[in-house]
Amino acid sequence: MLKSKTFVKKTRSGGVMKIVREHYLRDDIWCGSEFCVECKQESPVLQKDACIESNLCSSTHYLIPDTNLVLHQLDILEDPLIRNVIILQTVLQEVRHRSAPVYKRMKDIIHDAEKHFYVFTNEHHRETFIEREQAESANDRNDRAIRVAAKWYSEHLKRAPQAEELQIVLLTNDRGNKEKADESGLVVYKCEEYIKSLTANPELVDRLALTSDDQNEITSSKILFPEHLPLSRIQAGIKSSTLLQGIFRASRDNYLEATVFVHGEGDESTEVLIQGLQNLNRAVYQDVVAVELLPRNQWVAPSSVVLQDEGPKDEDKEEESENMLKCEVSEAMLKPTGKVVGIIKRNWRPFCGMLFKSQIKEATRHLFTPADRRIPRIRIETRQAAALEGQRIMVAIDGWPKHSRYPNGHFVRNLGSAGDKETETEVLLLEHDVPHQAFSQAVLSFLPKMPWAITEEDMKKREDLRHLCVCSVDPPGCTDIDDTLHCQDLDNGNLEVGVHIADVSHFIRPGNALDQEAASRGTTVYLCERRIDMVPELLSSNLCSLRSNVERFAFSCIWEINHNAEILSTRFTKSVINSKASLTYAEAQMRIDDAHMNDDITKSLRGLNKLAKILKKRRIEGGALTLSSPEVRFHIDSETHDPIDLQTKELKETNSMVEEFMLLANISVAQKIYDEFSECALLRKHPAPPPSNYDILNKAAKSKDIVIHTDSAKALADSLDEAKVDGFTYFNTLLRILATRCMMQAVYFCSGMDSDFHHYGLASPIYTHFTSPIRRYSDIIVHRLLAVAIGADTTYPDLMDKHKQSTLCNNLNYRHKMAQYAQRASVAFHTQLFFKSRGNLNEDGFILFVRKNAIIVLIPKFGLEGTVFFESKDKANPRLTFDEEGPTLTVENHAFHMFDKVKVTISLDASKIQHQKIRMALIEPVIPGVSVAPPEDGPEAKKAKLDR
Amino acid sequence: MATVQVSEAEKVYIMHGVRDDLRVDGRGCEDYRHMEIETDVVSNTDGSAKVTLGHTAILVGIKAEIGKPRPMVADEGFLEFFVDCSANATPEFEGRGGDELGTELSNTLYKVFNNRNSIDLRTLCISPGEHCWVLYIDVLLLQCDGNLFDAISVAVKAALFNTRIPKVHISEDEEGGKEIELSDDPYDCMRLNVENVPCIVTLCKVGHRHVVDATLLEKACSEGGRGSLDPESIFEMTETGKRVGKALHAPLMEVLQKEESLGKKRQKVGFLG
């Protein structure tokens, strides 16, 4: 039967359009229940034994949630306990309309066969379709549609045999809807009512989101915050520029302070300072907010005080701490200050953290302390506080009413006990937004079918390079080998050098689920004992990995090079290779050094090594920087996976040999794709740092009477080479570590959207990433561009769309940054584990930075950096004098300079489980009342603190 | 226009019949043929009607769009006509064959309907000088069996009666920028008053008398539109036209109202009925 749905819509040009859609009603939409004998369904989703122990409905029942329930109580629906739910099409459509993330989560639940969620297309069912009536709002119509469908279900299933007991339960929090449903004889409950009736599973109650109804009882009715402006007023305000729109960034160190980053046109981006609870007005980190600037005479300067929210306290105290922020400052220090007047978009996600148990026994309302200090504490309701103590949990914010000091939220899930390796890894992945779920079936379905073999067809399209003596050189234990090399003599006396990169783009075709997933992940993340792959393991460790003695697809870049390492010609081709050996850096080094070995692989390696040395020399002459960062590797115990030792990374000649050729390949490819596609080449740039970045480096060098020239990369590289102090061999490394800190972040960009291509660190006018497609998505795009450029593959619209590419670049840059942070967090956590098992250690270190009240010490042995504080809360502070120019810090009578050698004792401070950290205390030089005596080894020493 | 051949004897027979107020199909001189009207036949228009008169079949669809008022009459909306003489109606319309007739018809319709006496054009104004509703009236000839003008005018009137224009209101922001806002209730719409919308009555002089709603045969008997009329008979014909027009208007409005009152229960006939 045909119906038409009519609605009017405003067009973009301001016109009004009447749109008519044909709407077909059918008789063959089945109910999806195992009870039913009328419907001709093949595999019913809803079970016969749909039983949850509830004292409201004791018998079997199916649930029908309404739209608001799905939107606000999705955490409940996601619980494995909740099964046999009928999701009406009306609800699903409304959810899709209102919130894309919730819709996606809902789809995931529906696809989960274990959950027995059935989507009933009531809008197309002849008996459940209803038309909107006169004077009926769209919402009322949908509510009615839900009731009609629920009614239909209960009547339909009443006719089924053995289903006398079966009930259809409508869940809604809408009072009007509930009344009407009651009138028409439906079984209807409020969500809280129903969940609380599930007596066998009390823990579900915790996952209820707090709805506005309950909020009143939680807090006193005293209004703490000013009302937010409605969106229409905000929009008008932004248009007339009385309000500013920006991203809210809470301060890490001070919970009463935040900045709002206002994105202006061009370079006109500004930061607005917000101080005080009232002015922060319930904004949460990363929210998009509207701010109003305060008059100039109320502007303040950012405070340098560290303030942490210590939990519930009196308002007087709160005021006191707000007053602390205000201190006399010079006019020049004042920053534009404002207040938050409205929220444009909340950016709440579930937060990891720990429960801060209420002091009152039996209390069910507790505060939750997020791991990220920029997020306020969240008030949640739980009956399992005792069980959650010491656990890492996840909590979602539901809302922040204006009379509540803290936002309200609900418990989402338990991640495990704090300090546990798996839990902490999970936390750091979640907090750094690293997608780490197992690959979905949709993604895996695009993998090649095993057993996989190279076909005749493939061979025709590719150059056969199997005869070449190709080998790979990687760190030990590497399973995702994406680059191999070869070098051979040509008849004309020149050399042929080839870099062969895994041909990942052959397996990952544009636009499919596998491609989308890889694009979203952006990069493989390497943690200390875990690797989170960008592509499924079958590809990363097998089909794409260029392992020895198997035939693999490669994308080859082949140069003809003379003995002076000058490139005579370059060509690119898709190929088939057969690696002759997978070597580690050490193995390759041994082969080169061992004069007795004279096989093809070794000869090839020697040729490469010789050329690499010339290339490197030339590159450094051109102004490329060799910087240094203290990197450590953990020796992991094979049984317990605990770190048992750490060692700083050692660089061999072969490391730089591989690196040289990768750089060469990347530069050649960058040039080629840019020549071919000047508007949409994906490149990588490294901007030169602004001169002010070098201040700290200059000061540090001056303290040793050395001048560092920072006018250009070349000057910097040269002065770093010359900077040497007799009897202080580590000095140069320290300087290089400092120089690294001055650098800017290298980023991907689309050539059509930018004009500055220069790569400062490598001193190359153009650069890209081509050589690691298994672990970086950028390389896959570059492969595709290159393949199109040489006619080896077809193009697709998104590849040539510079705006789409630019969006992709932003995601890749974000993912890379997050991956780096996650990696660092992982190293930090393992360092803690290491010191936990070691007890206290006394080590030599160098002062890297001097601060107002502390020195930052680097321990070269562990590549570990830590802070030695000279102030503490519970004792008299020593006399401190800080000289900004030096910079030096004089503690009592001893002056600390940068690069001074000190001896410290390292211990793990476990007093705060949420934020465990490495604590360092000074041993030498001995300053009475400040330094500590070298502790004896043993458990006793763990408690060593500054004040003893 | 479809032409029919008529023999001398036939012509005499018809003229004598008319003289005695008895036409070939049994009608009197002032009677219309059987007429069928159905409104709301095309769902993606804002108003539509289908009219059959004898074998003449007309479909009218009206689309309301927002446009700019004409400068001379800033507080009025306006109508636009387009008449499509499809080759469905008669093979002579094939190619560009119907263009001339189409233009003639639409010009006439514009003159007749687009004025203040026919419809209150001010109700079509949204904001004077800036926005108004423009009603695009599309007339489609499905079949031609004489008396096109009368049939079209009835169909246009019925379609105007059926037209529902979505209600809009202008919201003004602080700087005086105007924005059109649309009600989200599809039932919230504006109707037109069609009480004064005219019906065209075409008279055809056959012999010494005149008839309304002439069939093609009768038309062929009436000099084919050429020749002259004496003032006396013009006066007479005008009087007849007035009388017939009034008699046509009242039952037409009644039928339209009655159809409307059926609401959703009405069984739609459509084009296959």
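Please refer to the structure higher up on the page.
Thresholds, definitions, all that
- Residues numbered from 1 in each chain as written.
- Chains lettered and ligands numbered in written order.
- Predicted model: local features only at pLDDT ≥ 70, side-chain atom pairs only at ≥ 80, totals over all residues.
- Heavy atoms only, no water.
- Helix = DSSP H or I, 4+ residues; strand = E, 2+ residues; numbered from the N terminus.
- Buried < 20%, exposed > 50% of the residue type's maximum accessible area, 1.4 Å probe, protein only.
- Contact = heavy atoms within 4.5 Å.
- Areas by Shrake-Rupley, 256 points an atom, 1.4 Å probe, with all protein chains shown as cover.
- Salt bridge = Lys/Arg side-chain N within 4 Å of Asp/Glu carboxyl O.
- Phe/Tyr/Trp six-rings, centres within 6.5 Å; stacked < 30°, edge-to-face > 60°.
- Lys NZ or Arg CZ within 6 Å of the ring centre and 35° of its normal.
- Buried area = accessible area lost by both parts, 1.4 Å probe.
- Polar contact = N/O pair within 3.5 Å; in protein donor to acceptor, adjacent residues only side chain to side chain.
- Nonpolar A, V, L, I, M, F, W, Y, C, P; charged D, E, K, R; others polar.
- Axes fitted to C-alpha atoms, helices over the stretch in contact; angles between N-to-C directions.
- Parallel < 35°, antiparallel > 145°, perpendicular 65-115°, else oblique.
- Left-handed = near helix turned anticlockwise from the far one by under 90°.

### Details of the overall build of chain B
Of the regular secondary structure elements, chain B holds five helices and twelve strands. For chain B, the residues scored as buried account for 45% of the 273 residues in total. For chain B, restricting intrachain contacts to residue pairs at least 6 apart in sequence, the fraction spanning at least 24 positions comes to 72%. For chain B, the exposed area adds up to about 14600 Å²; of that, 52% sits on carbon and sulfur atoms.

### Describing the environment of I380 of chain A
Residues and elements named next belong to chain A. Looking at the secondary structure, you find I380 in strand 15 (residues 378–381). The buried category is assigned to I380, whose relative accessible area is 1%. Put simply, I380 and H410 are 30 residues apart on the chain and 5.1 Å apart in space, counted from C-alpha to C-alpha. Non-local contacts of I380, meaning those with residues more than four positions away in its chain, are made with L355, T364, R365, H366, I393, V395, G409, H410 and F411.

### Some thoughts on the pattern of salt bridges
What the rule picks out here adds up to 55 salt bridges over all chains. Residue E123 of chain A is joined to R141 of chain A by a salt bridge in which the shortest nitrogen-to-oxygen separation is 2.9 Å. You can see E123 of chain A sitting in the loop between strand 5 (117–120) and helix 5 (138–158) and its partner R141 of chain A sitting in helix 5, a full 18 residues away along the chain. Of the two residues examined, E123 of chain A and R141 of chain A, each falls in the buried class. Each member of the salt-bridge network shares a partner with another, and the members are R23, D25, R27, R33, D145, D213 and E218 of chain B.

### Structural notes on the packing of aromatic side chains
One pass over the full model with this rule turns up twelve aromatic pairs over all chains. Taken together, a centroid distance of 5.8 Å and an interplanar angle of 35° make the contact between F81 of chain B and F113 of chain B tilted. Of this pair, F81 of chain B sits in strand 4 (residues 78–85) while F113 of chain B is found in helix 2 (residues 99–113), placing the two residues 32 residues apart along the sequence. Like F81 of chain B, the residue F113 of chain B is buried in the burial classification. Put simply, the rings of F120, W152 and Y153 of chain A touch in pairs and so form one group of aromatic residues. Positioned over the ring face of Y103 of chain A is R96 of chain A, at 5.8 Å from the centre of the ring. A cation over an aromatic ring shows up here: R191 of chain B above the ring of F161 of chain B, its NZ or CZ 5.4 Å from the ring centre.

### Focus on the interface of chain B and chain A
Contacts between the two partners involve 21 residues from chain B, matched on the other side by 17 residues from chain A. Counting the surface chain B buries against chain A, the share from its top three residues, S43, L182 and Y187 of chain B, is 30%. Where chain B touches chain A, the interface holds zero salt bridges. Scanning the region where chain B abuts chain A turns up two residue pairs in polar contact (both at pLDDT 80 or more). For the side of chain B that touches chain A, the secondary structure elements donating two or more residues are strand 3 (56–67) and strand 9 (178–182) of chain B. Of the residues contributing to the side of chain B that touches chain A, the split by class is nine nonpolar, three polar and nine charged.

### Re the packing of helix 13 (residues 421–431) of chain A against helix 26 (residues 802–838) of chain A
All names here are of chain A. Axis separation between helix 13 and helix 26 bottoms out at 10 Å; the angle between their running directions is 155°. When the axes of helix 13 and helix 26 are compared, the pair comes out roughly antiparallel. Relative to helix 26, helix 13 is oriented so that their crossing is right-handed. Contact residues: helix 13 offers K421, E424 and L428, while helix 26 offers A822, A825, S826, F829, H830 and L833.

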